[in-house]
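Each chain, written out:
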There are 2 protein chains.
Amino acid sequence: MNEKPDVNTKDALLSAAMEVFADKGFDAATVRDICGRANANVAAVNYHFGGKDALYGAVLEEIFPKEEHLTVEPDTSRSPEEHLHDYLTAMSSEIYDRGNGMVTQRWAIFLREMAKPSHNLDFIVQRQVQPRASELRAILAKILGPDVPDHILAFSSSNIWSLMLDHLLTQPILDRLKPKRPMVQGNMEGFVKHIFTFSLGGLNAVKESTKG
Amino acid sequence: MNEKPDVNTKDALLSAAMEVFADKGFDAATVRDICGRANANVAAVNYHFGGKDALYGAVLEEIFPKEEHLTVEPDTSRSPEEHLHDYLTAMSSEIYDRGNGMVTQRWAIFLREMAKPSHNLDFIVQRQVQPRASELRAILAKILGPDVPDHILAFSSSNIWSLMLDHLLTQPILDRLKPKRPMVQGNMEGFVKHIFTFSLGGLNAVKESTKG
DNA sequence: GAGAAATTCAAACAACTGTTTGAATGCAAT
DNA sequence: ATTGCATTCAAACAGTTGTTTGAATTTCTC
């Protein structure tokens, strides 16, 4: 019956929950921790959201907003290769941008759900992955041409997706490897330049191999 | 299914723990669940291992055995490219072999630790990743030649590593995407052939780009 | 300002966690 | 048979979890 015009404990709870869920994961996060950070009583979560699960749902709704717009606006004056470069630039800078708290939390939660899928993964895929994946697939279809089989297109699409996510997943590993591996942060341009070159080389090789 | 040929409850506990830890992860796994599957008393874990943490440590020790041998025996008669192909074949068939329970559990636990690193990740990296990563790095160094900078070599190494792990991580995502993405299981040859072509094309492109 | 509704709060709840306890049991050597 | 040790077991422990309760307090409405 009543929208909240004033910022109050409900918003504070949501904000704190985003922090904790991203940091600890759903299971390890405790409502007491969340309420503590929000300066709220333990019962506040159940009063305002109905429970821990519902709160997590509200966080997902907040952190994976509906987005109609494409990652990269289609520009007919640019080649598919340039289009791919724009796409890689946009996606990488979002994935590895540690400046925006909510975006960081988004990918942290995404990673957690990938490693241990819950029923919420359907929602996340629909909101976060599906549009971006379709966009990439369209770009690759142009680069690879009409003769490439569907499963090759799917494999390639998955490959490039994993090249972008690479350091998001493997940073904890890379940090423990010798010799020391470089981080993406602070070298974004170099990273994008590299995966663009690598991807394009891979795509062309795949395209060639399907001609024979 | 409840017949216990195991005269040793300690072994039964270890075996059950491998199952549960791989399936649920450390936090969500309960000693009661483990003891139940092992037909053992709840106190058995503490008696035989000293606690849940120590049991997890024992599981890691069992599931990530010391391996001195290389993934692919070096064969001077083969080119670096063929060497890479052998490496990709060996690694992929291990990662995606759902036949061997322990190997499946190994990668499940590895994935969990990657998404939510604990202090045990150091051990896992040292046992599981470091030797394989060094091996791959050596192969790539030969393919890319001596002129390629270190950070490019590191990036490329990480790239190919992530291409192999790709479907292990993203299968839950791919299952929820439209159009349906192909699985690796049942198409191992096609998968390896693809990532080999893609990788080699990417590597050559990277090598070319460093010449200018 | 009175009354009603919405919100906060301390406290308790019930279920679950890993762990401990101390008695009962099994078993091999004497 | 008895001793001594290793193992099992039911029960309880102490702590944490999400959730509920019912009274106190604030906020809003008239």
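Treat the numbers as computed from the prediction; the structure is a model and nothing was measured.

*Asks:* Help me understand the overall build of chain A in this model?
*Replies:* Each helix and strand counted, chain A has 9 helices and 0 strands in total. When its C-alpha atoms are laid out on the principal axes, chain A stretches across 65 × 45 × 30 Å. When the 212 residues of chain A are sorted by exposure, 50% land in the buried category. Nonlocal contacts in chain A, meaning residues at least 24 apart in sequence, comprise 69% of its contacts between residues at least 6 apart. With an accessible surface of roughly 9,900 Å², chain A has 53% of that area assigned to carbon and sulfur atoms.

*Asks:* What exactly am I supposed to notice about the relation of the copies chain A and chain B here?
*Replies:* Both copies of the chain are related by one operation, a rotation about an axis with a shift along it. When chain A is fitted to chain B, the residual RMSD is 0.1 Å, and the transformation amounts to a turn of 180° plus an axial shift of 0.0 Å. Those values place the two copies in the arrangement expected of a two-fold rotation axis. A share of 100% of interface residues in chain A that are also interface residues in chain B marks the association as one of identical surfaces.

*Asks:* Help me understand the interface of chain A and chain B, please; the structure alone is not making it clear to me.
*Replies:* By a widely used convention, the size of an interface equals the accessible area lost when the partners come together. With 55 residues of chain A at the contact, the number on the chain B side is 55 residues. When the buried surface of chain A facing chain B is broken down by residue, F155, R176 and F198 of chain A rank first, second and third, together holding 15% of it. At the surface where chain A touches chain B, the tally comes to 2 salt bridges. For R176 of chain A, the salt bridge identified is with D122 of chain B, shortest N-O distance 3.2 Å. The interface formed by chain A and chain B holds 10 residue pairs in polar contact (both at pLDDT 80 or more) in total. Of all the elements in the fold, those that place two or more residues in the side of chain A that touches chain B are α6 (101-115), α7 (121-144), α8 (150-174) and α9 (188-209) of chain A. Its residues assigned to classes, the side of chain A that touches chain B shows 28 nonpolar, 18 polar and 9 charged.

*Asks:* Teacher, can you tell me more about the packing of aromatic side chains here?
*Replies:* For any pair of aromatic rings, the description consists of the separation of the ring centres together with the inter-plane angle of the planes. If you walk through the whole model with that rule in mind, you get 13 aromatic pairs over all chains. For the pair F191 of chain A and F155 of chain B, a centre-to-centre distance of 5.7 Å together with 65° between the ring planes defines the contact as edge-to-face. On the criterion of chain membership, the pair formed by F191 of chain A in helix α9 and F155 of chain B in helix α8 (residues 150-174) is interchain, its members lying in two chains. Of the two residues examined, F191 of chain A and F155 of chain B, each falls in the buried class. Look at Y96 of chain B and F191 of chain B: their rings are 5.4 Å apart centre to centre, the planes differ by 75°, and that puts the pair in the edge-to-face class. You can see Y96 of chain B sitting in the loop between α5 (80-95) and α6 (101-115) and its partner F191 of chain B sitting in helix α9 (residues 188-211), a full 95 residues away along the chain. Taking relative accessible area as the criterion, Y96 of chain B reaches 5% and is therefore assigned buried.

*Asks:* Whenever I open this one, the packing of helix α5 (residues 80-95) of chain A against α6 of chain A confuses me. Can you help?
*Replies:* For any two helices packed against each other, the geometry comes down to the angle between their axes and how far apart the axes lie. Residue and element names in this part refer to chain A. One can describe the packing of α5 onto α6 by two numbers: an axis separation of 9 Å at closest approach and a directional angle of 95°. The orientation of α5 relative to α6 falls into the category roughly perpendicular. When α5 is examined against α6, the residues M91, E94 and I95 are found in contact with a partner set consisting of V103, R106 and W107. A per-class count over the contact of α5 with α6 returns 4 nonpolar, no polar and 2 charged.

*Asks:* How should I be thinking about the layout of surface pockets in this particular structure?
*Replies:* The gaps of empty space that remain are located by a probe, the size of a water molecule, rolled over the atoms. Computed from the structure, the largest pocket encloses a volume of approximately 690 Å³. Along the walls of the largest pocket sit 33 residues, with D27, R112 and K116 of chain A together with D27 and K116 of chain B positioned nearest its centre. Among the elements of the structure, α1 (9-24), α4 (52-63) and α6 of chain A together with α4 (52-63) and α6 of chain B are those that each provide at least two residues to the lining of the largest pocket. Looking at which element gives the most residues to the lining of the largest pocket, the answer is α6 of chain A, with 4 residues. When grouped by side-chain class, the residues that make up the lining of the largest pocket number 13 nonpolar, 8 polar and 12 charged.

Cut-offs and rules
Starting from 1, residues in each chain are numbered consecutively following that chain's sequence as written. Numbering of ligands from 1 and lettering of chains from A proceed in the order in which they are written. In keeping with the model being predicted, local features are shown solely for residues with a pLDDT of at least 70 and side-chain atom pairs are shown and tallied solely at 80 or more, while totals for entire chains, interfaces and linings include all residues. Working from all heavy atoms in the structure, the side-chain values ignore hydrogens and water. What counts as a helix is a DSSP run of H or I of at least four residues, what counts as a strand is a run of E of at least two, and both are numbered from the N terminus. Under the scheme applied here, a residue whose accessible area is under 20% of the maximum for its type counts as buried, over 50% as exposed, and between as partly exposed, the area being computed with a 1.4 Å probe on protein chains only. What makes two residues a contact is simply this: any of their non-hydrogen atoms within 4.5 Å. In short, Shrake-Rupley with a 1.4 Å probe defines the accessible areas, and a residue's cover is counted only from the protein chains shown. Copies overlap after least-squares fitting; the atoms used are the C-alpha atoms of residues with pLDDT of at least 70 in both. In this description, buried area is defined as the sum, over both parts, of the accessible area (probe of 1.4 Å) that is lost when the two are combined. Salt bridges are defined as contacts in which a side-chain nitrogen from Lys or Arg sits within 4 Å of a carboxyl oxygen from Asp or Glu. Whenever a nitrogen or oxygen atom comes within 3.5 Å of another N or O atom, the pair is scored as a polar contact, on the condition that within protein one atom can donate a hydrogen and the other can accept it, and that pairs from neighbouring residues in sequence are kept only if both atoms are in side chains. As a working rule, the residues Ala, Val, Leu, Ile, Met, Phe, Trp, Tyr, Cys and Pro are called nonpolar, Asp, Glu, Lys and Arg charged, and the rest polar, with Gly in that last group. Only rings of Phe, Tyr and Trp enter the pairing, Trp through its six-membered ring, and a pair is recorded when the two centres are within 6.5 Å. The plane angle decides the type: under 30 degrees is stacked, over 60 is edge-to-face, the rest tilted. The axes are straight lines fitted to the C-alpha atoms, using for helices just the contacting stretch, and the angles between their N-to-C directions are given from 0 to 180°. An angle below 35 degrees is read as roughly parallel, one above 145 as roughly antiparallel, one from 65 to 115 as roughly perpendicular, and any other as oblique. Only protein atoms enter the calculation, which uses a 1 Å grid: trapped sets of points that fit a 1.4 Å probe without letting it out are cavities, open sets showing protein on both sides within 12 Å along at least five of seven lines are pockets, and any residue with an atom within 4 Å of a point is a lining residue. Grid points are joined across faces, edges and corners, and a volume is the space filled by probe spheres set on the points.

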